[in-house]
Each structure stands twice: as C-alpha cells, then as structure tokens.
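Residues per chain, in single letters:
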Amino acid sequence: MRVTHGMLVDTLLKNLSGNLARMERVYQQITSARRISRPSDDPVGTATVLRLGSAAQEIEQYLANVEQARTWLDLTDQALTTIGQSLQRARELVVQAANDTLSADDRQAIWQELTALQEQIATTGNYAHAGRYLFAGSLTQTEPFDLSTDPPTYRGNSDQLQRLIDRGVTIDINVTGDTAIVPVLTAIKQARDAVAANDPVAIRSQLAAIDAAHTQLLAAQASVGARVNRLEAQRDRLLDAHTSTLRLASEAGDTDMAEAITRFSKEELTYRAALQAGARAIQPTLLDYLR
Amino acid sequence: MVFRALETAFRGLMAQQRAVDTANHNIANANTPGFARQRVSLVPSMPYTVPAFNRSGLAGQVGTGVLVASITRVRESVFDLQYRVQSQALGEASTLVDAYAQIEAVFNEPTEAGLGTLLDRFWRAWQAVGNQPEDLAARAALVQDATTLATNLNRMRRQLTELQTDTVTKLTLQVSEVNSIAERLASLNQQIVAALATGQTPNDLMDQRDLLLDKLARFTGATIRPLPNGAVNIYLGGYPLVDQDQWFPLSVQVSGGTASVLWQGTTSPVALERGSLQALLHLHNAVLPGLVQKLEDIRDALANEVNTLHMIGYGLSDLSGPPPGRSFFQVTAGGELEVEPSLVADPQLIAAADAPGEPGNNAIARQIAELRSKLVLNSGTATINDFYNTLVAEVGGASQTAQVTRDNQRALVEAIDRQRQEIMAVSLDEEMANLIKYQQAYGAAARAITAVDEMLDRIINGMGLVGR
C-alpha cells in the first residue's frame, strides 16, 4: 500500500471531523437532557415521545376537569347540608306547632321563624361559585330562586351540567333546584299556611310532606357523595396514568446521563489521541533528514 | 568512438534533467486537486551495431545512452469510473440530507413549540371553556390558543413552500454549473485531441478534464464514453451533453408547479437518472408538495370538524334559536387557516352550548374537545394528532434513510478515492528520493563528459609529444 502525506492529512481531517461530530451529538444530548433533538435521530422514538407527551397533556386536562368538578360538587354538598339543617329545624318547629296546648300567639312566633327559615333556604339555593349559580341547571347566570314570591319560584331549568373526566366519559356535577330545593320550599310554605291557620290537625298532616322533601334532599346529597367518590377514584386513576405516561416519555425521550457521559469521555479520549497522533504523523518528511 | 561517448553522456544529462523537472512538477502540484503524479519513462536508446565485415571479437552492439520515451500520468481509469458512478449516488443522497435537515427544522419536533404541543393546547382550551362556559377569560384563552395553532400551521406550510422555491433556485444554479462544466469539457476535448494528434501527451489537460468529470458526476447520472482520438463524450439518457468539441446546454423549466430539466431550446426533458439534480427534482415535485398536502389535510380536517359542530352551537349572546351557524375557523383564499374574526373580536360568540340562552351548557365545547380522539384523517383511521405524529415520524424516517445512504455512499466514495490516491497522489518522500537519484545521475553524466573531455584532451594535446 502506497500512502502519501496528503492521504495522511486527509485521513486525519476526516477522522477528526467525524470524531467532533459524534462528540457534538453526545454533548447536545447531555446539555439538552434529550436523547432526540431531531426526528431523524430516532423516527419511531420521536413518534413515541410526541404521542406520550400528548397523552400526558390530555390526562393533565382531565385532572384539571376533575378538580373543578370536585369543587362544584363540594360546594353543592355544603349548600345541601345547610338546607338540610334548616329543614330539620323547620320540622321541629312544625312538631312544636302541632302541639294542641299552644296558643295562637305562640303559633304566630313559630310562623315567623318558619318564614325566616324558608327565606334562608331560598338564599342558600341561590349560592354561586365564581359567578355561577349552583342550583340553576344550565341557566347559571340566572338567580334560581325569586325571593319576591312566596314560596320563591324556581327560575332555573332541570339541565345537568356535564364535565369530561376521561375520553368519552362525562359526569354530572350539579343538582338542580327543582329536584332538591323546590319540594322543601313547597313543604315549608304549606306548613306555614297551616300554622297561620292555627289548625293543629292540618299542621300535623304537613309533617309527611316535610319528611318526603327531606328524603328527596337526602337522595340528592347521597348522589353528590357518590359522584365525589367517583371523582376521587377517577383522579387516582388519572394520577397513576399520568405518572406512568411521564415515565414512559422519559424513557423514550430523555438522555441516559450515565451512558451519555461515559460515551462523551470515550469520544474525548479518542479525539485527544487522534490530535496527538496526527500532530506527530503529519510533521516529518524525508526533507527533515536530508542535509 | 570517443565522440559517441560524449553523445551518450549528453543524452544522460538531458534525460536526468527531464526527470528532475518532472519531480519538481510533482512536488509543485502535491496539493493540486485532481493532479496525478507523473513519471518519466526512460528507455535505452537504439544500440549501435559495430560494423564489421566479419564477426569481430568485439561485443556486438554498443549502447548509445538513454531516451525519454514519455511522461505519463500514474492513474487507474477503472477507479475513476467507479468513483464517478458512486459520486452520482452520493450527490443525490447529500442533497436529500441537506433538504431534510431544513424540513426537520420546519417541523421543530420534539419541542414544546412544535405543532403537536399546540394541537394539545388547542384541545385543552376547549375543555377549559367546557369547564367554565360562562367565563370570558377561558374563551379569550381559547381564541389565543387557536390563533397560535393556526399561525404555526400556516408558518410551516409557508416555509415548506419557500423550500420548494429555494429548490428551483438551487436547480438553476446547478444546471448552470453543469452547463459551464460541459462547455469546459468540450474545450478541453478540443485541446487534448489537438495535442495528441501532434504526438504529445497532454497530462495536465487530462487531469483537468478528469477533475471536471468527477465534479459532473455529483450532479447527474451521466455516462462517459472515451473515444479513440482521446476525446470523451458524455451522454444523458442516450443524448449527448458533450460530443467531442460540441456541448448542448440544459435549462430549467417550472410549469404548473412541476419543475423539469430540459435540453435548452427544446421541450424534451433530460433523463437525469441520478445525482443532485435528480434529487432536487424529486424534492420539488414529490416530497415538498406531499408534505404541504398533508399539512393542508390537517388544516382542512381541523376547520371542517370544528366548524361542523360549531355551526350548530350557540354563543353566550344567542338567546333564541335557530343556531346562528357561525364557523370557528376559516380558510382564506391563500390557504391560510385563521380564527373567524368575529370570534376574535367577541369571544362570547364562541358556541359552547347546544341550546340558546343556557350559559352553563357546554355540550358543543365538550364535543369539540372530544374531536381530539375522533378518527377523522387517513380515511377514518387516524386522529389529527396521530396523523401529525406519523407525518413527523415519516419525515424523520426519510431523513434518517437519506443520512444512512449518504454516510454509506460517502464511505464508498472515500474508499475508492483512497485507492485512487494510493496510485496517483504525490508522495513528497518519494519525490525527494527521486530528486536525489536523478540529481546524482545528472552529476555522474556530467562527470562522464569531463572524463570524455579529458580523454579527448589526451589524444589531441598529449599524443605524439614523446620526450618533450
């Protein structure tokens, strides 16, 4: 084999530039912490990274939806509890008013407290979260109970508010006023009318209506509780999925630092050696020894 | 007889001098691209048969010295041929690698700024509107995200179209380079044929021609045919690009979005077969329009699917039916995607509800958000995100293939070139050694003349003077 100085220099340059190119690539992987910087580095890996990144985004959004739905349901539950307590107090008053020994004045006092309770329940029914009424169905910008009438009339609708909590999975987050609160208000109004009429028999007959309203209220609360449970289960599932998606994305797209740094050291060593050997190989010619 | 010795020594002097000249020439051109080292081939000159009536006791023929038979290039044309064939594929692959690097930069994946992330943000924004359909801030954010998505989709489409235009520029430049090479080759053919006809060996002209042929190989899949008179003809698809001292220029034509390389003054396309010109045509006529088409598929799917749902929905300020039939996206005459300007001006008009006057109704927003997982592309087999991810993987795959081909082809070309260089490259050590060899022979020849001179001096001035 006939080797000339020009060939030696060419080989040196070619190898040095190849070496630098490999070093640059590992360097980029280390400094960016990403294994893939262009799709051609690993086309299949790129698609995987994109798909997993997108899946993580999707899950994060469902998690945000779950949190928001949870807030809405918690507030609904609190409001229903408040209404339940008021209803409980109203029932006690009605039982008290049904007592034959009470005078008309006593019943007048009870009537007034019942009126206050009715108003309080309607006001609770008008609770809003971030400018949106909880019990108005989808008419969230309309105050659901009109306090100027007696009993307060319901101005919302019976639509369910739905939130996406997974691909193709929705959950109803609201309780409409007409199912849970209107019966309560109607029962109290009727009891008040009986109390105002000062008629113990009629008053006693209202207890059944109050109990029926209470049962409906409890059913609504139970359904809220069930939905909160469902949301918690969903959140746990989403968090698990999020963690595993991120782990897979990291495996597909992140630099294995230990490996990358080892490779960098190796390339560096080769580069130094090539420079040193090259400097010595291309220097001497026969000219140096001819005198 | 003595005079003949003078002549012999003189021939030696001249031959060694020519050899020294050649070594000098080699050293001077040690770094000249395409230069093949030259060798003086020395042959003994015709011997002199000593005339005699009868067979004498003397040796039969007497040497008369040395002659320079020729100065030849040390070069193996088989390797030149291989080098050029492989260069054609290398030129093609290198062009593709460069182009794909630019295409990959347009896609800018995988990053947080790529279209994939922007699509995700767009779908998320719809869910945020679904969570708070009454909230103007969520709606304004949706308009922002949709605008960013549209702007980037437009940017990518525009940049790919610009790359297509750049390809024509490159094509034009390279075609004019090919024309210039063809012109120089024709002129070199003429000079070489003329020199050969007078019995000369035009080594340096032939080196120049070989260098031009090496260069030409990167551009096209031309076939080279040497002629007995020393000229080379170059054919593209059977038609001559260079025919002895004639050459036929190429030209670039773009019509109806298709670029082609034609024989100048005709409408016949040139059969390029390989090389960078072929790669540029492939990029311009197939690769880039294909990518633009796929981006347009994404654009149309987005606009159609979102609009279909948005048209049947109601905005916050629509208090009664029937649906106002507003679209969300519009595609301009120039093919740009943009958010309907009325929605940008008033995000309340975004139709999140499927019934009028229900601010808490998010049915449409939910359905649009769920378009994310609807199979709307590739004849109903891929979601928009899938389609885009596949597109990126395809670009990456094509780029990787081009890189692998380029690397392999380059290794091959380099290996062949190395074999060529082993034969033709100038070795300084070798030339130095030769220089010394020839210099010493030159000195010895000069000394021989001195010896003959002294012999003559002895005969002319010293003979017959006995006893003086």
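Residues numbered from 1 in each chain as written. Chains lettered and ligands numbered in written order. Predicted model: local features only at pLDDT ≥ 70, side-chain atom pairs only at ≥ 80, totals over all residues.

Caption draft 1: Spotlight on the overall build of chain A. From N to C terminus, chain A includes seven helices and six strands. For chain A, the N- to C-terminal ordering of α and β elements is α-α-α-β-β-β-β-β-β-α-α-α-α. Since a compact globule built from 291 residues should have a radius of gyration of about 19 Å, the 38 Å found for chain A marks it as more spread out than a globular shape. Reported as C-alpha extents along the three principal axes, the dimensions of chain A are approximately 140 × 30 × 25 Å. Among the 291 residues that make up chain A, the fraction classed as buried is 35%. A separation of at least 24 residues holds for 71% of the contacts in chain A among residues at least 6 apart in sequence. (Helix = DSSP H or I, 4+ residues; strand = E, 2+ residues; numbered from the N terminus. Rg over C-alpha atoms; globule rule 2.2 N^0.38 Å. Buried ≥ 20, exposed ≤ 12 C-beta atoms within 10 Å, placed from the backbone. Contact = placed C-beta atoms within 7 Å.)

Caption draft 2: Spotlight on the environment of Ile423(B). Residue and element names in this part refer to chain B. By the secondary structure assignment, Ile 423 is in helix 9 (residues 384-424). Counting along the chain gives 171 residues from Ile 423 to Val 252, while the straight-line C-alpha distance between them is 39 Å. What Ile 423 contacts, discounting residues up to four positions off in sequence, is Val 74, Arg 75 and Glu 76.

Caption draft 3: View of the sheet that holds strand 8 (residues 246-247) of chain B. Residue and element names in this part refer to chain B. Reading across the sheet, the four strands line up as 5-6-7-8 and stay open at both edges, with antiparallel pairing between neighbours. Looking at the sheet topology across the chains shown, the edges are occupied by strand 5 (223-226) and strand 8. The sheet contact formed by strand 6 (residues 232-236) and strand 7 (residues 239-243) spans three bridges and is antiparallel. Across the sheet, Ile 234 pairs through a bridge with Val 242, a residue of strand 7. (Pairing = 2+ DSSP bridges.)

Caption draft 4: Up close: the UniProt feature "domain: Flagellin C-terminal" (unreviewed entry) in chain A. Per the UniProt record, the feature "domain: Flagellin C-terminal" (unreviewed entry) sits at residues 207-290 of chain A. Across residues 207-290 of chain A one finds 86% helix and 0% strand; the C-alpha atoms that close the span lie 126 Å apart. (UniProt positions renumbered as here; feature names shortened; annotations may be inferred.)

Caption draft 5: A look at the packing of helix 1 (residues 2-28) of chain B against helix 10 (residues 428-462) of chain B. Residues and elements named next belong to chain B. Relative to each other, helix 1 and helix 10 sit at 160°, their axes nearing to 8 Å. With respect to helix 10, the element helix 1 is oriented roughly antiparallel. By crossing handedness, the relation of helix 1 to helix 10 is classed as left-handed. Counted by class, the contact of helix 1 with helix 10 contains 22 nonpolar, six polar and one charged residues. (Axes fitted to C-alpha atoms, helices over the stretch in contact; angles between N-to-C directions. Parallel < 35°, antiparallel > 145°, perpendicular 65-115°, else oblique. Left-handed = near helix turned anticlockwise from the far one by under 90°. Nonpolar A, V, L, I, M, F, W, Y, C, P; charged D, E, K, R; others polar.)

Caption draft 6: Just the UniProt feature "domain: Flagellin N-terminal" (unreviewed entry) in chain A, in detail. As annotated in UniProt, the feature "domain: Flagellin N-terminal" (unreviewed entry) corresponds to residues 10-139 of chain A in the numbering used here. Across residues 10-139 of chain A, helical content stands at 77% and strand content at 3%; the span's end C-alpha atoms are separated by 79 Å.

Caption draft 7: Region of interest: the interface of chain A and chain B. Residue-level contacts link 43 residues of chain A with 45 residues of chain B. Taken together, the elements giving at least two residues each to the side of chain A that touches chain B come down to helix 1 (5-32), helix 2 (43-97) and strand 5 (162-166) of chain A. Top contributing element to the side of chain A that touches chain B by residue count: helix 2 of chain A, with 14 residues. For the side of chain A that touches chain B, the per-class residue count stands at 15 nonpolar, 20 polar and eight charged.

Caption draft 8: Structural view of helix 3 (residues 115-131) of chain B. Over its 17 residues, helix 3 of chain B extends 24 Å from the first C-alpha to the last, a length consistent with the 24 Å expected when each residue adds 1.5 Å. In terms of burial, helix 3 of chain B is largely enclosed, as 15 of its 17 residues are buried. (Expected span 1.5 Å × (residues − 1).)

Caption draft 9: Broad picture of the nonpolar core. The biggest cluster of nonpolar side chains holds 151 residues, and the ones touching the most others in it are Ala90(A), Leu114(A), Val184(A), Ala191(A) and Val129(B). Aside from chain neighbours lying at most four places away, what touches Leu114(A) is Ala90(A), Leu93(A), Ile188(A), Ala191(A), Arg192(A) and Val195(A). (Core = buried A, V, L, I, M, F, W, Y, C linked by C-beta atoms within 7 Å.)

Caption draft 10: View of the packing of helix 2 of chain A against helix 9 of chain B. Two elements in contact, helix 2 of chain A and helix 9 of chain B, have axes whose closest approach is 8 Å; the angle formed by their N-to-C orientations is 160°. Classified by the interaxial angle, the pair formed by helix 2 of chain A and helix 9 of chain B is roughly antiparallel. The interaxial crossing formed by helix 2 of chain A with helix 9 of chain B has right-handed handedness. Only Asn385(B), Asn389(B), Thr390(B), Val392(B), Ala393(B), Gly396(B), Gly397(B) and Gln400(B) of helix 9 of chain B make contact with helix 2 of chain A, whose side of the interface consists of Pro43(A), Val44(A), Thr46(A), Ala47(A), Leu50(A), Arg51(A) and Ser54(A). Among the residues making up the contact of helix 2 of chain A with helix 9 of chain B, the classes are represented as six nonpolar, eight polar and one charged.

Caption draft 11: Expanded view of the domain arrangement of chain B. All names here are of chain B. As assigned here, chain B comprises domain 1 (2-74 + 428-459) and domain 2 (83-412). Summarising the inter-unit geometry, the C-alpha centres of domain 1 and domain 2 are found 66 Å apart. The interface is formed by nine residues belonging to domain 1 together with seven residues belonging to domain 2. In terms of residues, the side of domain 1 that touches domain 2 owes the most to one element, strand 4 (residues 66-73), which gives four residues. (Domains from an automatic or database assignment.)

Caption draft 12: View of the environment of Gln127(B). Residues and elements named next belong to chain B. Mapped onto the secondary structure, Gln 127 falls in helix 3. The class for Gln 127 is buried, based on 25 C-beta atoms found within 10 Å. Placed 235 residues apart in sequence, Gln 127 and Asn 362 show a C-alpha to C-alpha distance of 9.1 Å.

Caption draft 13: Quick peek at the pairing of strand 5 of chain B. Strand direction decides the pairing type here: strand 5 of chain B and strand 6 of chain B, joined by four bridges, are antiparallel. Note on strand 6 of chain B: the bridge partner recorded for Pro226(B) is Val232(B).

Caption draft 14: The arrangement of the confidence of the model for chain B in detail. With 97% of its residues at a pLDDT of 70 or more, chain B has an overall mean of 92. Prediction confidence for the complex, expressed as pTM and ipTM, is 0.86 and 0.87 respectively. (pLDDT = per-residue confidence, 0-100.)

Caption draft 15: Structural view of the pairing of strand 9 (residues 250-255) of chain B. Residue and element names in this part refer to chain B. Pairing geometry for strand 9 and strand 10 (residues 258-263), over six bridges, is antiparallel. Paired with Gln 253 across the bridge in strand 10 is Ser 260. If you look at the hairpin formed by strand 9 and strand 10, you'll find two residues sitting between the two strands, and Gly 256 has a positive phi there, around 60°.

Caption draft 16: Inspection of unusual backbone geometry at higher detail. Of note, the bond from Asp150(A) into Pro151(A) is cis; its omega dihedral lies within 30 degrees of zero at -5°. Residue placement: Pro151(A) occurs in the loop between strand 3 (145-146) and strand 4 (153-154). For the bond from Glu109(B) to Pro110(B), the omega torsion is -10°, close enough to zero to count as cis. For Pro110(B), the position within the fold is in the loop between helix 2 (77-107) and helix 3. A positive phi angle, near 45°, is found at Ser379(B), a position not held by glycine. Mapped onto the secondary structure, Ser379(B) falls in the loop between helix 8 (363-369) and helix 9.

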